[in-house]
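Residue-level listing of the chains:
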Amino acid sequence: VYLIFDKDTICQIGREDGVFEDITALFFLGASIFFLRACIAHKNLFLLLLSLAMFVGSGEEISWGQRIFGFSTPAALNEVNVQGEFSLHNIEIFNGNYFDHSPKTGLAKLLTINLLYKLFWLGYGVFLPIAALYVRPVSLLSRRIRLPVPPLSIGAFFLVNWLVYKTVISLFLSDNEVPQYY
């Protein structure tokens, strides 16, 4: 995208409720439906939990349809939400920024949704498959409780994606652009 489009176009498709957000919400919703169908077919609680997590991701990505359906943010949520919208991930404790839009550092970053998401995919997509392959008690437990262990290739995909992102950010993009640009 950065090699094809100019800065204004990138900011336009990266804006709130832009193309990237819509596509992300659709993929989360598709994953939710996929896991729900798998849950029904295999009667597996963990697949239901994954379906619910993907559904929440989809809803959160579009602020649960707030701008689509035109409803306002409840006052109590508006007071604690960094973006003033109907979403949980933008509540100040989970957001990567404070209300003054300064980025969180140190211990304040521990509960940010971005860090929690990274820990989830790293644990579930990388550490669990490795442990299930090489640590017999983990393998036995995951089979006994019917925990679906993803193939390590999925975890590798997340690692490669993260490394490419970090490389592009550090080598090719300047530090002083608007957030939508990134």
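Rules used in this analysis
Residues numbered from 1 in each chain as written. Predicted model: local features only at pLDDT ≥ 70, side-chain atom pairs only at ≥ 80, totals over all residues. Heavy atoms only, no water. Helix = DSSP H or I, 4+ residues; strand = E, 2+ residues; numbered from the N terminus. Buried < 20%, exposed > 50% of the residue type's maximum accessible area, 1.4 Å probe, protein only. Areas by Shrake-Rupley, 256 points an atom, 1.4 Å probe, with all protein chains shown as cover. Phe/Tyr/Trp six-rings, centres within 6.5 Å; stacked < 30°, edge-to-face > 60°. Lys NZ or Arg CZ within 6 Å of the ring centre and 35° of its normal. Contact = heavy atoms within 4.5 Å. Polar contact = N/O pair within 3.5 Å; in protein donor to acceptor, adjacent residues only side chain to side chain.

Caption draft 1: Layout of the overall build of the protein chain. Within the protein chain one finds 8 helices and 0 strands. Projected onto its principal axes, the C-alpha coordinates of the protein chain cover approximately 50 × 40 × 35 Å. Within the protein chain, buried positions represent 25% of all 182 residues. Counting only carbon and sulfur atoms, one obtains 70% of the accessible surface of the protein chain, whose full area is about 12,400 Å².

Caption draft 2: Broad picture of the packing of aromatic side chains. Tallied over the full model, the rule gives 6 aromatic pairs. Taken together, the ring pairs in this structure connect Trp-121, Phe-157 and Phe-158 into an aromatic cluster. Its end group placed over the ring of Tyr-98, Lys-104 keeps NZ or CZ at 5.6 Å from the ring centre.

Caption draft 3: View of helix H1 (residues 7-14). Looking at H1, one finds that the buried residues are Ile-10, Cys-11 and Ile-13. Close packing links the buried residues of H1 with helix H2 (19-42). For H1, the N-terminal capping position is held by Asp-6, with its side-chain oxygen 3.3 Å away from the main-chain nitrogen of Asp-8.

Caption draft 4: Structural context of unusual backbone geometry. Of note in the backbone geometry, Lys-43 takes a positive phi value of approximately 50° without being a glycine. Mapped onto the elements of the fold, Lys-43 is located in the loop between H2 and helix H3 (45-61). At Ser-63, a position not held by glycine, the phi torsion is positive, near 50°. Checked against the element boundaries, Ser-63 lands in the loop between H3 and helix H4 (66-69).

Everything listed here is a matter of geometry and, on its own, says nothing about what the molecule does.
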